Amino acid sequence: MALREWKKVSSSTIYEDKFMRVRKDEVINPGGKKQSYAYIENSDAVAVIAQDDDGGIYLLQEYRYPVKKVLWQTPAGHLEKELNLLENAKKELKEETGISAHEWKHLGCFHMHASMETMQGNVFLAKNLDKTRMGTRDKTTMK
């Protein structure tokens, strides 16, 4: 498959904070047409599927402002640069649920919204759970 090349003519930052940068590029698309392309540059992230011995998984219930809904989600968060991938996954699971795990497997990585953001997600499976400190955060955990 041939690569469809885009040519960047110019680039500017529309918005920036400690979590992300919104960029607007002027480009020439593979069809030769000049257009604007806006996208978000943000740090990579981890998500954890915490599975107990019965096969159940633990989810968090949180209100998410952009979609104006309460959603069920896996424990997840942006990577902290001073930690490796596994350390980030362990930190997110512990912070968000109080659960720790003795078995970890990196399931892979993906770009969920590659047409509009740079973030790469890394997914971990956590098993052999220690739930003695579960629920120490102000979030609902569901199995």
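For the structure, see preceding data.
Report follows, based on the coordinates. (Residues numbered from 1 in each chain as written. Predicted model: local features only at pLDDT ≥ 70, side-chain atom pairs only at ≥ 80, totals over all residues. Heavy atoms only, no water.)

Counted by the stated rule, this structure contains six salt bridges. For Glu16, the salt bridge identified is with Arg21, shortest N-O distance 3.0 Å. For Arg21, a relative accessible area of 28% translates into the label partly exposed. The closest approach of N and O atoms between Arg64 and Glu62, which form a salt bridge, is 3.1 Å. A single salt-bridge network, built from bridges that share partners, covers Glu80, Lys91, Glu92 and Glu95. (Salt bridge = Lys/Arg side-chain N within 4 Å of Asp/Glu carboxyl O. Buried < 20%, exposed > 50% of the residue type's maximum accessible area, 1.4 Å probe, protein only.)

Any aromatic ring pair is given by two values, namely how distant the centres are and how the planes are angled relative to each other. Summed over the entire model, instances satisfying the criterion amount to three aromatic pairs. On the numbers, 6.4 Å between centres and 65° between planes, the contact of Tyr37 with Tyr39 is edge-to-face. When its relative accessible area of 27% is taken as the criterion, Tyr37 is described as partly exposed. Judged by centre distance (6.3 Å) and plane angle (75°), the rings of Trp104 and Phe124 are edge-to-face. Of this pair, Trp104 sits in strand β8 (residues 100-110) while Phe124 sits in strand β9 (residues 121-130), and the two are 20 residues apart along the sequence. An aromatic cluster is built from Trp6, Tyr37 and Tyr39, whose rings are joined through pairwise contacts. Above the ring of Tyr65, the side-chain terminus of Lys68 is found at 3.6 Å from the ring centroid. (Phe/Tyr/Trp six-rings, centres within 6.5 Å; stacked < 30°, edge-to-face > 60°. Helix = DSSP H or I, 4+ residues; strand = E, 2+ residues; numbered from the N terminus. Lys NZ or Arg CZ within 6 Å of the ring centre and 35° of its normal.)

Below, the discussion takes up the layout of surface pockets. Estimates place the volume of the largest pocket at around 1100 Å³. Within the residue set of the lining of the largest pocket, elements represented by two or more residues are β3 (34-42), β4 (45-50), β5 (59-64), β6 (69-73), β7 (76-78), α1 (85-97) and β9. Partitioning the lining of the largest pocket into residue classes produces 17 nonpolar, eight polar and eight charged. Counted as a void, the second largest pocket has a volume near 190 Å³. Together, Lys18, Phe19, Ser43, His78, Leu79, Glu80 and Lys81 line the second largest pocket. Grouping the constituent residues of the lining of the second largest pocket by class yields two nonpolar, two polar and three charged. (1 Å grid on protein atoms, 1.4 Å probe; cavity = no way out; pocket = protein on both sides within 12 Å on 5 of 7 lines; lining within 4 Å. Points joined across faces, edges and corners; volume = space filled by probe spheres on them. Nonpolar A, V, L, I, M, F, W, Y, C, P; charged D, E, K, R; others polar.)

Across the sheet, which stays open at both edges, the four strands sit in the order β7-β4-β9-β8 with mixed pairing between neighbours. Only two strands of the sheet have a single partner each, and these edge strands are β7 and β8. Between one strand axis and the next, the sheet turns by 20° as a mean value, whatever way the strands run. The pairing of β4 with β9 spans six bridges and is parallel. Looking across to β9, one finds that Val48 is bridged to Phe124. Here α1 sits on the sheet in contact with β4, β7, β8 and β9, set at roughly 120° to β8. (Pairing = 2+ DSSP bridges. Axes fitted to C-alpha atoms, helices over the stretch in contact; angles between N-to-C directions. Contact = heavy atoms within 4.5 Å.)

Counting 11 residues, the largest nonpolar core is built from Val46, Val48, Ala50, Tyr58, Ala89, Leu93, Ile99, Ala101, Phe124, Ala126 and Leu129. Leave out the neighbours within four places in its chain, and Leu93 touches Val48, Ala50, Pro75, Gly98, Ile99, Ser100, Ala101, Trp104 and Ala126. (Core = buried A, V, L, I, M, F, W, Y, C linked by side-chain atoms within 4.5 Å.)

Here Glu92 shows up in helix α1. Contact partners of Glu92, with chain neighbours within four places excluded, come to Val46, Pro75, Ala76, Gly77 and His78.

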